[in-house]
Structures are given as C-alpha cells and as structure tokens.
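A closer look at the structure
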Number of protein chains: 2
Amino acid sequence: MRSVAEHRDAVLALVGPTPRETVPVGSALGRVLATDVTAVVDLPGFDNTAMDGYAVRHADLAGATEDAPVRLPVDGDIAAGDTTRHVLAPGHALRIMTGAPLPEGCDAVVPVEHTDGGAESVLVRVEPAPGRYVRARGEDVRTGDVVLRAGTALGPGHVALAAAANVPEVTVHRRPRVTVVSTGDELVPVGSMLEHGRIVDSNHLMLRALVEAAGAEVAAGVHLRDDADAVRAFLAAPDGDPDLVITSGGVSMGVYDTVKEVLTEVGGVEFVKVAMRPGMPQGCGVVGGGSGPAVVTLPGNPVSSFASFHVFVLPALRAMSGLDPDDDGSFEAEAGASWSSPREKVELTRVVEEDGVVRPSGGQGSHVLGALAEATAFALVPVGVERVEPGTRLRCLPILGHHRGRG
Amino acid sequence: MRSVAEHRDAVLALVGPTPRETVPVGSALGRVLATDVTAVVDLPGFDNTAMDGYAVRHADLAGATEDAPVRLPVDGDIAAGDTTRHVLAPGHALRIMTGAPLPEGCDAVVPVEHTDGGAESVLVRVEPAPGRYVRARGEDVRTGDVVLRAGTALGPGHVALAAAANVPEVTVHRRPRVTVVSTGDELVPVGSMLEHGRIVDSNHLMLRALVEAAGAEVAAGVHLRDDADAVRAFLAAPDGDPDLVITSGGVSMGVYDTVKEVLTEVGGVEFVKVAMRPGMPQGCGVVGGGSGPAVVTLPGNPVSSFASFHVFVLPALRAMSGLDPDDDGSFEAEAGASWSSPREKVELTRVVEEDGVVRPSGGQGSHVLGALAEATAFALVPVGVERVEPGTRLRCLPILGHHRGRG
C-alpha cells in the first residue's frame with residue numbers, strides 16, 4: 001500500500017505552475033504573484049504631515065509652553081493634494097492638512113490641538129521636536145524596492161501596497177483550470193425524482209465548490225454514465241481545455257468501475273491503494289501517458305472524495321497557482337475525546353476545532369455527509385495509532401470554506 | 001472619547017439582514033442560509049452496500065472460514081444505479097457493487113477480498129456478521145430532518161449535504177451591496193504620473209478588495225474631490241443602490257475635511273473620536289437622518305482605514321449577511337516581543353502570527369502599508385496597557401485574505 005505522502009508526491013509530479021498573465025492590480029485579489037512587485041515611487045512620495053496643524057521651523061518656537069505660548073503669523077494653507085511648492089518664511093507658519101506636502105524650510109509640525117487654531121496668526125503652546133509629525137519621503141518604501149515577493153497570494157493589504165507603490169498591473173499565475181467529472185449510473189441531478197437505487201450526484205456540485213473555494217476555475221463539469229466508450233472518449237479530449245481533470249467514482253474493486261477499467265486499458269494512469277481512511281482507492285497520471293492533461297481519480301464515496309480532494313488535489317492546485325504546496329494552513333490541536341483509528345492507515349477524522357481542541361463531528365462512515373458538513377478540519381491520525389486518547393496532539397488540516405467566523 | 005465597542009454597536013444599529021433570495025444549491029458557495037434546509041429524502045435513500053462484494057444471508061455462511069470456505073451460487077450482479085428490486089434466494093448470493101441497493105432478503109455483505117471473486121459461484125472465506133457493510137436507509141439523515149441551520153455560511157461540504165438531501169435551491173441572504181467612496185484632492189488613479197503632493201488612491205482599491213474579501217458586493221466605487229457640492233450630491237443619492245456606503249478621508253480636524261463638513265451640515269451622521277490607534281476619527285449614521293443608506297466614514301490614512309474596516313465595517317457586513325457579527329474568527333495568541341501601546345486607547349498592532357505567537361510586522365505608522373501587507377492579524381492591545389511584554393496573551397483579529405497557506 002502506498003503512503004499518503006507518496007501518493008501526494010505522485011500527484012504533485014504531474015503538475016507545474018500555470019502560465020503567467022498580467023492583470024490590473026484592482027482585479028488581482030486572491031491571485032498569486034508570478035514575479036516580484038517593485039515600487040515605482042517612494043512611499044511617502046514627499047515629506048508630508050501626519051497631523052492637521054501648522055508647518056513651522058522648530059527653532060521659531062523655542063521655549064513655547066502652555067503658560068508662555070508663542071504667536072506666529074500664518075501665511076496661508078496647504079491642503080492635501082496641493083501641488084504648489086510652498087516655502088516657509090522664517091518666523092512664520094503655514095496651516096497644513098494631514099498628508100499635505102511640507103513647505104521648504106519646515107522641519108516640524110504642530111498639531112492643531114496644541115494651538116488656538118488661528119487662520120491669520122496662530123498661538124502655539126508647545127515647542128515641537130525637530131521632525132515631529134513629519135513623514136519623510138521614502139521612509140516606508142524606496143523606488144525600486146521589492147514590496148511584494150513572487151508567490152504571494154494577494155490580499156487586500158497587498159493590493160493596497162502595490163497600488164500605493166503606483167504599480168497598475170501585476171503578473172500572476174493563471175488560475176488553474178479544472179474539469180470535474182462524476183461517474184456512475186446511480187447518479188441523477190439534484191431535484192430529480194429518485195427511483196429506487198438512484199442517488200443525487202452531490203459529488204459533482206461538491207467538487208465544483210471545492211475547486212472554486214480553492215481559488216481555481218471550473219473549466220467544465222460533466223456527469224458520465226458507466227459506459228466505457230463514453231468515458232474513454234471524454235477523457236481522451238476533456239471539455240474545457242483543463243490543466244487538470246478530477247474524476248469521482250469508478251476506481252474501486254467493482255465490476256463496473258469504468259474509470260479504472262478504461263484508464264488501465266488506455267494507460268498512463270496508475271491505480272493504487274493508499275494507506276488512508278477514508279479514501280483508499282486512488283489513481284493519478286496522464287491519460288494515455290502523452291502530453292494530455294493530468295488526471296486525479298478520486299473515490300466515489302462523498303466523504304472519501306472530499307477528503308482525497310483536500311489531501312491530494314489541493315496541494316496540486318496550490319503548486320499550479322504558484323504557491324508552496326506544503327503551506328497548507330495545517331495546525332496542531334489537542335484531542336478532546338477518545339476514538340479509534342486503523343493501525344495500518346492514516347485516519348482523516350472529521351472534527352470540529354474550538355480553541356485548539358478537536359472532537360469528532362459525528363458518524364465517520366465514508367458516506368456520512370451530515371458529520372462532514374459540521375466539521376471544520378480533518379484530524380490526521382498517523383499510521384500506528386489504534387486509539388486517540390484525550391490530550392493526544394494531532395496535526396489538523398482545515399476544511400476549505402468551513403472556517404468559523406468567516407463570511 | 002467613545003470606546004471601540006460603543007462605536008461598533010453604533011454601526012451595527014444602522015444595519016440589518018439583507019433581503020432573502022433563492023439560488024440553486026450549486027451556486028450557493030459562500031452564501032449564508034436565511035432559512036433552515038430540510039432533507040427531502042432519506043440518506044442513504046435505500047439499504048445499500050458499503051463495499052464491492054456479495055449480498056448474502058449471513059445464516060447461509062455460518063462457520064465459513066479460510067480453512068472451511070463455503071460456496072454459494074451467484075444469481076447475477078447488482079450495479080450501483082440498478083433500479084430493479086432484486087430478491088436474494090435463500091442459499092444464493094448476488095454480486096453487488098459499492099452503493100448498489102441490497103436485494104430483498106439480504107442481511108449482510110461479504111467484501112470481494114474475502115472471496116474468490118467468482119461470477120457463477122463464489123467461495124466465501126468468512127462468516128459475515130448480520131448488518132456488516134450494510135448502510136441502512138436513513139441512518140445518516142431522515143426525510144424532514146433539518147440538515148443545515150439558518151445562519152450557516154455554505155462551504156463545499158454544506159453544498160454537498162444539501163444536494164445529497166435532494167434540495168435543489170436554498171434561501172440565502174442577498175450579498176450586502178457596498179458603495180465605496182474615496183475622497184481627497186491629493187488622490188490620483190494608480191499608474192498616473194505623480195505631481196508633487198499627489199498620491200495614488202490606493203484606499204479605493206483596498207476598500208473594494210476588502211468588501212470582496214468579506215463576501216459582499218461592490219455596488220459602485222467613486223473618487224470624489226474635496227468639493228462640498230459634489231460630496232453632498234453624491235451622498236444624497238449614492239450610485240449603485242447600496243445597502244451601505246463607506247467613505248475614506250475627510251473626517252479629521254482639517255479645514256478641508258469635506259465629508260465631515262457636508263455630513264455635519266446635512267445631519268444624520270455623528271462624528272466621534274474612538275479610543276483606538278490607528279483610526280481615531282470615525283463617523284457613522286444615515287445621510288440626512290432619513291431612510292437613506294447607512295454610511296460609515298473611515299479615516300483617510302490607509303492603515304487607519306484598513307483597521308477601521310476590520311473593526312467596524314466587517315461586523316456590519318456579517319450582520320447584513322445573516323451571520324453573527326461577534327463570530328469574527330478572533331483568536332488568542334501570545335506576544336513574542338515587547339512593544340508600547342497608548343494607555344488610553346486600544347492599539348491595533350499589525351502582527352505576524354505563527355504557531356500561536358505574534359510579533360509586530362514592522363513600522364506601525366498609520367501610513368505604513370509595507371508592514372500592513374506582511375501582517376496576518378491585528379493584535380488588540382487593551383486600554384490601560386502601556387507595554388506589551390513577551391508572553392502577554394492578546395486577542396487577535398485575522399486580517400481578511402492574509403491567511404497563511406490559503407490560495
């Protein structure tokens with residue numbers, strides 16, 4: 001039996017980063033940088049004031065206090081956005097607004113709170129320190145500085161920094177394109193009348209949602225019946241020009257396991273048993289062994305399919321997006337209950353995590369979706385452990401889109 | 001000075017849940033349920049097999065072992081999706097595939113691994129326990145059970161469960177619609193030549209990204225100059241028919257703080273100082289005090305605006321989406337360094353969190369975007385603390401879209 005790590009590596013070996021594309025920085029949320037972002041301007045771009053107040057020379061206010069205030073004539077206002085290069089005359093003040101450029105000759109700012117707020121002249125009640133409330137040009141970022149590194153997944157703060165650095169476009173990896181294939185004669189679309197023996201094709205919608213939640217793109221989605229010709233024809237030229245095809249179902253020990261039957265005949269895809277529960281029957285490869293898209297064949301049980309996606313497909317999507325596949329957000333937590341685990345397999349227990357403690361979320365059968373929907377993480381119980389005891393430290397993998405407290 | 005909690009409550013008092021709408025379950029990822037979801041079918045919908053193997057009567061295999069296997073005639077196959085109601089004759093077996101309906105009379109399943117896999121007759125090497133490898137109808141979910149509660153933000157597992165329960169559409173809250181307004185004569189679009197005194201309007205792109213990262217919709221986005229007539233006209237009838245308007249800039253102590261000037265004159269919006277750093281100048285209300293959209297006025301410093309969004313706007317968007325505004329994903333962590341904090345204010349320190357330890361991410365000035373982009377959370381240093389020491393436990397608020405290890 002193959003280990004989880006070995007099969008994960010086999011899947012990762014099939015994929016590489018997607019091609020680069022250039023997008024406006026305002027449309028780059030969630031994308032992953034393919035190149036470093038370099039500042040085009042200094043930040044701040046000019047010496048400016050951190051406070052609303054008065055631009056002064058500090059020496060003109062030597063000894064000013066609450067009891068011995070100093071009055072200076074005010075020669076005018078400098079608003080934020082004022083493009084004039086003002087000059088501060090010795091012994092004078094200019095009224096200045098937050099973010100406005102300092103006038104030449106100014107070396108300090110007095111906040112309006114420490115003055116009488118005058119427009120013609122101003123009574124100042126403190127002696128400002130040189131440089132106080134002054135934001136110096138380039139003190140945050142200098143032109144040519146790398147402000148964001150390749151491999152960064154862009155959040156709102158990254159977008160803000162790139163924009164502030166006057167970078168209008170960024171080079172990112174194209175979103176991975178994934179074609180989702182569910183297989184099985186028993187599957188019918190949601191909302192159908194269910195004949196005896198038929199079930200809803202929930203895997204199809206689930207895998208689409210997982211692909212989207214992972215930040216990738218659903219290139220196409222189909223349901224195929226257990227018909228070898230149809231499966232062979234589709235997988236030879238899958239819809240949607242995908243980077244990756246994921247299938248669910250048809251890979252176990254059954255007589256009608258069409259995906260396995262067809263891909264074994266066509267070649268290029270290896271079917272293996274992986275030492276995990278749920279999710280033992282797995283497969284991956286390139287259809288026909290040529291230059292076609294990579295395919296990962298997931299088991300058909302909903303929970304097995306869901307778990308396998310997290311363990312094998314998600315690292316591949318990360319690598320394709322330009323992210324580190326190992327940077328999976330996993331965390332360590334303490335078991336808050338006792339449960340059994342197969343000695344020879346990694347058990348992916350569906351757990352609810354709260355304040356660093358995890359508890360199984362209900363029935364753990366590979367068809368039990370109720371408990372899966374409640375879970376916030378998979379606890380990975382390693383090979384060799386037959387019983388998790390309260391207090392056992394376990395590595396946990398967050399479930400995509402099931403985080404607490406997120407919209 | 002108003003406390004952070006008081007201003008948060010004032011903002012929350014302005015908003016309520018958005019109207020409901022019905023969407024296909026396959027398009028509901030990330031949406032928040034407005035009503036409970038009730039199963040339309042049992043799960044499983046019929047007794048079925050958890051394994052590929054043979055449907056049997058357990059009594060027919062009494063005493064079967066590796067050394068004393070029992071042979072049964074095989075009367076045919078039952079594939080997953082077979083809608084025939086098969087009957088198992090006493091003393092016989094039917095070959096059966098994972099997920100296929102059990103024939104009448106069957107009370108156990110023997111996995112193919114414990115047999116010779118025969119098609120005409122099968123040699124069975126174990127005595128199966130009654131009910132073994134049988135998934136009973138309704139053991140996970142029964143028709144009429146509430147499978148998902150109102151207020152659930154739908155992740156892929158929730159989509160799968162609703163679909164499996166044969167629920168084709170769900171009732172969710174409409175995404176909150178937010179109009180984003182940046183103000184200030186100093187602001188120019190990204191990619192412009194920057195004249196002396198001008199800066200890029202990064203807040204505009206940042207606030208749009210924050211709204212999107214929060215799962216809300218940008219209804220419209222504009223930049224307004226410091227022109228009272230333009231600001232007054234826009235805020236009286238904002239573009240995009242929004243549920244909420246957020247502005248940045250123009251709310252401080254300056255002479256050209258147009259947003260504050262106009263909204264004070266028009267009425268309905270209260271401007272206050274909030275005991276936090278960054279982000280002291282805040283405002284919220286309903287323009288003109290009538291039935292117009294709620295407005296939250298954020299300060300213009302990028303970091304102040306970003307922090308204020310997390311502390312005030314995000315809870316409002318959660319409440320509008322149908323989520324608990326308090327369920328903010330905040331967590332407790334330990335300070336891994338020492339830093340100072342204003343005694344009379346909550347300090348929102350930009351920190352990088354790693355394994356439960358937080359460290360400031362760099363310069364903490366309200367204009368310093370570099371450190372903000374690196375940060376993964378805000379550490380909330382409470383009022384009364386002047387110095388954080390290593391080991392201090394701090395409440396931390398995750399930064400939207402800056403999580404580690406997420407695509």
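What counts and how
Residues numbered from 1 in each chain as written. Chains lettered and ligands numbered in written order. Predicted model: local features only at pLDDT ≥ 70, side-chain atom pairs only at ≥ 80, totals over all residues. Heavy atoms only, no water. Phe/Tyr/Trp six-rings, centres within 6.5 Å; stacked < 30°, edge-to-face > 60°. Helix = DSSP H or I, 4+ residues; strand = E, 2+ residues; numbered from the N terminus. Buried < 20%, exposed > 50% of the residue type's maximum accessible area, 1.4 Å probe, protein only. Pairing = 2+ DSSP bridges. Axes fitted to C-alpha atoms, helices over the stretch in contact; angles between N-to-C directions. Contact = heavy atoms within 4.5 Å. Salt bridge = Lys/Arg side-chain N within 4 Å of Asp/Glu carboxyl O. Domains from an automatic or database assignment. Buried area = accessible area lost by both parts, 1.4 Å probe. Least-squares fit on C-alpha atoms with pLDDT ≥ 70 in both. Core = buried A, V, L, I, M, F, W, Y, C linked by side-chain atoms within 4.5 Å. Parallel < 35°, antiparallel > 145°, perpendicular 65-115°, else oblique. Left-handed = near helix turned anticlockwise from the far one by under 90°. Polar contact = N/O pair within 3.5 Å; in protein donor to acceptor, adjacent residues only side chain to side chain. Nonpolar A, V, L, I, M, F, W, Y, C, P; charged D, E, K, R; others polar.

1. Quick notes on the packing of aromatic side chains
All names here are of chain A. With the rule as written, the count across this model stands at 2 aromatic pairs over all chains. Taking 6.1 Å as the distance between ring centres and 55° as the angle between the ring planes, the aromatic pair formed by phenylalanine 306 and phenylalanine 378 counts as tilted. Of the two residues, phenylalanine 306 is situated in helix α6 (residues 302-321) and phenylalanine 378 in strand β25 (residues 377-381); the sequence distance between them amounts to 72 residues. The exposure class assigned to phenylalanine 306 is buried, which follows from its relative accessible area of 0%.

2. Focus on the sheet that holds strand β16 (residues 244-248) of chain B
Residue and element names in this part refer to chain B. Here 6 strands make up an open sheet; going across it, the order is β15-β12-β16-β20-β19-β17 and the pairing mixed. In this open sheet, the two edge strands, each paired with only one partner strand, are β15 (217-224) and β17 (269-273). Direction aside, neighbouring strands of the sheet carry axes that sit 15° apart on average. The pairing of β16 with strand β20 (residues 294-298) spans 5 bridges and is parallel. Counted as the bridge partner of leucine 244 is alanine 294 from β20. Where helix α1 (residues 4-12) meets the sheet, it contacts β17, β19 (281-286) and β20, and its direction lies at approximately 25° from that of β19.

3. Focus: the pattern of salt bridges
Residue and element names in this part refer to chain A. Tallied over the full model, the rule gives 38 salt bridges over all chains. The residue aspartate 185 makes a salt bridge to arginine 225 at a minimum N-O spacing of 3.6 Å. Here the residue aspartate 185 occupies a position in the loop between β12 (177-183) and β13 (187-188), and arginine 225 occupies one in the loop between β15 (217-224) and α4 (228-236), the gap between them amounting to 40 residues. Taken together, the shared-partner salt bridges in this structure form one network comprising Arg8, Asp9 and Asp326.

4. Notes on the domain arrangement of chain A
Residue and element names in this part refer to chain A. On domain assignment, one finds that chain A holds domain 1 (4-17 + 175-321), domain 2 (24-41 + 142-173), domain 3 (48-135) and domain 4 (331-398). On a C-alpha basis, the centroid separation for the pair domain 1 and domain 2 is 34 Å. Domain 1 puts 4 residues into the contact, and the matching count from domain 2 is 4 residues. Summing both partners gives a buried area of about 350 Å² for domain 1 against domain 2, and 48% of it is carried by carbon and sulfur. The three residues of domain 1 that bury the most area against domain 2 are Pro17, Arg175 and Ser321, which together make up 96% of that side's buried surface. Applying the counting rule to domain 1 against domain 2 returns 0 salt bridges.

5. Side note on the relation of the copies chain A and chain B
Copy one and copy two of the chain differ by a rotation about a common axis and a shift along it. Note on the copies: chain A fits chain B at an RMSD of 0.0 Å, the axial shift is 0.0 Å, and the rotation between them is 180°. Both copies of the chain, as the preceding transformation shows, are related through a two-fold rotation axis. Closest approach to the rotation axis within chain A is made by the C-alpha atom of glycine 356 of chain A, at a distance of 5.0 Å. A symmetric contact is evident, with 100% of the interface residues of chain A recurring at the interface of chain B.

6. Comments concerning the nonpolar core
Formed by 68 residues in total, the largest nonpolar core has its most connected members in Leu148 and Val170 of chain A together with Leu244, Ile246, Phe309 and Leu317 of chain B. Considering each element in turn, this core owes the most residues, 12 residues, to helix α6 (residues 302-321) of chain B. Residues in contact with leucine 244 of chain B, not counting those within four places in the same chain, are Val15, Arg177, Val178, Thr179, Ala294, Val295, Val296, Val313, Leu317 and Met320 of chain B.

7. Quick word on the packing of helix α3 (residues 202-213) of chain A against α6 of chain A
All names here are of chain A. Where α3 contacts α6, the two axes come as close as 10 Å, and the packing angle between them is 20°. Classified by the angle their axes make, α3 and α6 are roughly parallel. Both α3 and α6 take part in a crossing whose hand is right-handed. Of α6, the residues touching α3 (which contributes Asn203, Met206, Leu207, Leu210 and Val211) are Pro302, Ser305, Phe306, Phe309 and His310.

8. Details of the interface of chain A and chain B
The interface of chain A with chain B comprises 87 residues on the first partner and 87 residues on the second. With both chains or domains summed, chain A and chain B bury close to 7100 Å², and 62% of this area falls on carbon and sulfur atoms. The interface formed by chain A and chain B includes 0 salt bridges. Linking chain A with chain B are 18 residue pairs in polar contact (both at pLDDT 80 or more). When contributions to the side of chain A that touches chain B are tallied by element, the ones reaching two or more residues are α2 (156-164), β14 (199-200), α3, α6 and α7 (369-374) of chain A. The greatest single-element share of the side of chain A that touches chain B, amounting to 8 residues, is contributed by α2 of chain A. The residue makeup of the side of chain A that touches chain B, split by class, is 40 nonpolar, 27 polar and 20 charged.

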